[in-house]
Amino acid sequence: MSLLETTFYHNTLKEWIIALTILVVSYTVLRVIKAIFVHRSQVIIKKTHTAIDDLFFDLIRKVKFFLLFAAALYMGALAVTLPPKVDNIIRIILVIAFLWQAAIWGNTLIVFFIARYRKQKLETDAASVTTISALGFVAKLALWTIILLLALDNMGVNITGLVAGLGISGIAVALAVQNILGDLFASMSIALDQPFVIGDFIIVDNYMGTVQKIGLKTTRIQSLSGEQLIFSNSDLLNSRIRNYKRMYERRVVFGIGVIYQTPYEKLETIPEMIKEIIAEQENARLDRVHFKEFGDSSLNFEVVYYVKNPDFNVYMDIQQAINLKIFQRFAEEGIEFAYPTRTLFLNHENGQTTFVNKKERNLESLHR
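Each value, and the rule that gives it
- Residues numbered from 1 in each chain as written.
- Predicted model: local features only at pLDDT ≥ 70, side-chain atom pairs only at ≥ 80, totals over all residues.
- Heavy atoms only, no water.
- Pairing = 2+ DSSP bridges.
- Helix = DSSP H or I, 4+ residues; strand = E, 2+ residues; numbered from the N terminus.
- Axes fitted to C-alpha atoms, helices over the stretch in contact; angles between N-to-C directions.
- Patch = residues over 30% accessible without salt bridge, like charges linked within 9 Å, V, L, I, M, F, W, Y side chains within 5 Å.
- Areas by Shrake-Rupley, 256 points an atom, 1.4 Å probe, with all protein chains shown as cover.
- Salt bridge = Lys/Arg side-chain N within 4 Å of Asp/Glu carboxyl O.
- Contact = heavy atoms within 4.5 Å.
- Buried < 20%, exposed > 50% of the residue type's maximum accessible area, 1.4 Å probe, protein only.
- Phe/Tyr/Trp six-rings, centres within 6.5 Å; stacked < 30°, edge-to-face > 60°.
- Expected span 1.5 Å × (residues − 1).
- Left-handed = near helix turned anticlockwise from the far one by under 90°.
- Nonpolar A, V, L, I, M, F, W, Y, C, P; charged D, E, K, R; others polar.
- Polar contact = N/O pair within 3.5 Å; in protein donor to acceptor, adjacent residues only side chain to side chain.

Colleague: How should the sheet that holds strand β6 (residues 228-232) be read in this particular structure?
Modeller: Pairing between the strands of a sheet comes from backbone hydrogen bonds, and it takes one of two forms, parallel or antiparallel. With respect to topology, five strands assemble into an open sheet ordered β6-β5-β4-β3-β7, the strand pairing being antiparallel. Each edge of the open sheet carries a strand with a single partner, namely β6 and β7 (241-243). Ignoring which end each strand starts from, the neighbouring axes of this sheet average 40° apart. Taken together, the four bridges between strand β3 (residues 201-204) and strand β4 (residues 207-214) define a ladder with antiparallel strand orientation. Its bridge partner lying in β4, F201 is registered against T210.

Here it is in structure tokens:
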């Protein structure tokens, strides 16, 4: 009897060599096929500009070695006679490898479609981007949970008892990580209720900036001065938030003061003068102009108008144009701006020297 006919574990040495050869050749062939597909995919991607080609290439590139090895092992095992327990172990290895690979492919698909949706909708519908990002996390969690349960089921684990046990232990875990879960549910609330979305300019207490990312635990905001502000989602929802991105008009209130020596006829012309100036601005809508009060050192006017564009730079351009025009018109009309001072003047009446503040002097000059 030749050496090749020697029996080891119910199979001859020749059968073991054939099985090993099938395993090695199968694994090598599968690796070569993967490499060919990856190379061909790269060539196709360079010629086209569609995202589906990139997805196809990514799926092929993410075929893992353990799937190829498990498939080669299964094909090699067909050439020999193995005990039922060993056959079952090889079958479980192959199934788990396929499930793991399916989870990787599924995760890749979810990431691809979320990234594609973000790119298409970020500028036009940022609210839906926030929602789809949160739903993407839920989809990934559901995918990996299903894969894990299927793998355990194929390994002979009683899933029904496991699910029941997870329900009881889940309560204890929830109590231990309630802060994290609070932020997680707050993230879901932000995604569904949408008090703000990515790209919105918001003010939280004394902090302000543009929303960069809404994560599962924290929200990140780029401040005006450049640094990144990080808020926990639960704290953020408990705060008072002002969302300027959803402001359709900006209400502007400002005041000016003129000196008490301004003639009555000039005071009467100031409201109409300011109304004309604001009416000249393309994106401004006048609300009112009034002689508001007698100030400590000035006659105060209050102006209220609306900027039809919520952009801050547009508002500042309009306010600058109004200020310059008011300055020019006041200079032409000989109207003087008041200074916020309380200068003292000497009064030499009746041979006595007394101190009079500027307001009293101005009122005195009006009576005269």
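Still more ground to cover, so stick around.
Colleague: Is there a simple way to think about a nonpolar patch on the surface in this case?
Modeller: Where nonpolar side chains cluster on the molecular surface, the patch consists of V25, V29, I33, F37 and F56 and spans about 440 Å² of accessible area. It is helix α1 (residues 13-47) that provides the largest number of residues to the nonpolar patch, a total of four residues. Inspection of the secondary structure puts F56 in helix α2 (residues 51-61).

Colleague: Can you help me understand the sheet that holds strand β8 (residues 250-258) in this one?
Modeller: Read across the sheet, three strands follow the order β8-β10-β9 without closing on themselves; strand pairing throughout is antiparallel. Of all the strands in the sheet, just β8 and β9 (284-294) have a single pairing partner and so form its edges. For this sheet, the mean inter-axis angle between neighbouring strands, taken without regard to orientation, is 20°. Against the sheet, helix α9 (residues 264-279) touches β8, β9 and β10 (299-307), its axis set at about 20° to β10. Across the sheet, helix α10 (residues 312-333) touches β8, β9 and β10, and the angle it forms with β8 is around 25°.

Colleague: I tried to follow the pairing of β10 on my own but got confused; where do I start?
Modeller: Sheet faces and side chains relate simply in a regular strand, where the side chains alternate between the two faces. In terms of burial, β10 is a largely internal element, nine of the nine residues being buried. Neither face of β10 is exposed, since L299, F301, V303, Y305 and V307 on one face and N300, E302, V304 and Y306 on the opposite face are all buried. As paired strands, β8 and β10 are joined by nine bridges and run antiparallel to one another. Counterpart to R251 in the pairing with β10 is Y306. Bridge analysis of β9 against β10 gives nine bridges, and the strand direction is antiparallel. Its bridge partner lying in β10, V289 is registered against V303. Where β9 hands over to β10, the hairpin turn is made up of four residues, counted between the paired strands.

Colleague: In this structure, what is going on with the packing of aromatic side chains? I would like to understand it.
Modeller: Here the distance between the centres and the angle between the planes together describe a pair of aromatic rings. Taken as a whole and assessed by the stated rule, the structure comprises 13 aromatic pairs. Ring centres 6.1 Å apart and planes at 70° place the aromatic pair F65 and F66 in the edge-to-face group. With a relative accessible area of 17%, F66 lands in the buried category. Aromatic pair Y260 and F294: ring centres 6.4 Å apart, planes at 25°, arrangement stacked. With a gap of 34 residues between them, Y260 in the loop between β8 and α9 and F294 in strand β9 connect regions that are remote in the sequence. The class of Y260 is buried, set by a relative accessible area of 0%. These aromatic residues form a ring-pair network of at least three members: Y260, F291, F294 and F301.

Colleague: Looking at this structure, I do not really get α1. What am I missing?
Modeller: Because each turn of an α-helix spans 3.6 residues, side chains separated by three or four positions in sequence point in the same direction. With 35 residues, α1 should cover 51 Å at 1.5 Å per step; its first-to-last C-alpha distance of 51 Å lies within 8% of that length. When α1 is considered as a whole, its buried residues turn out to be A19, L23, S26, V38 and S41. Contacts from the buried residues of α1 go to α2 and α3 (65-77).

Colleague: Can you help me understand the side chain of Q319 in this one?
Modeller: Within the element layout of this structure, Q319 appears in helix α10. Q319 sits in the buried class, given a relative accessible area of 9%. Setting aside anything within four residues of it in sequence, one finds Q319 in contact with V252, F254 and Y305.

Colleague: Explanation requested: the packing of α9 against α10 in the structure shown.
Modeller: Packed helix pairs are characterised by how far apart their axes lie and by the angle those axes make with each other. Orientation of α9 relative to α10, taken along the N-to-C sense of each, is 145°, at an axis distance of 10 Å. Between α9 and α10 lies a crossing of right-handed hand. Of the residues in α10, those in contact with K266, I270, M273, I274, E276, I277 and I278 of α9 are I322, K325, I326, R329, F330 and E333. Its residues placed into classes, the contact of α9 with α10 shows eight nonpolar, no polar and five charged.

Colleague: Looking at this model, I keep getting lost on the side chain of T262. Mind explaining?
Modeller: Along the chain, the position of T262 falls in the loop between β8 and α9. A residue is classified by how much of its surface remains accessible, and T262, at 7% relative accessible area, is buried. Polar side-chain contacts of T262 include one of 2.8 Å to the backbone oxygen of I259. Here T262 is in contact with L267, I335 and E336, once residues within four sequence places are set aside.

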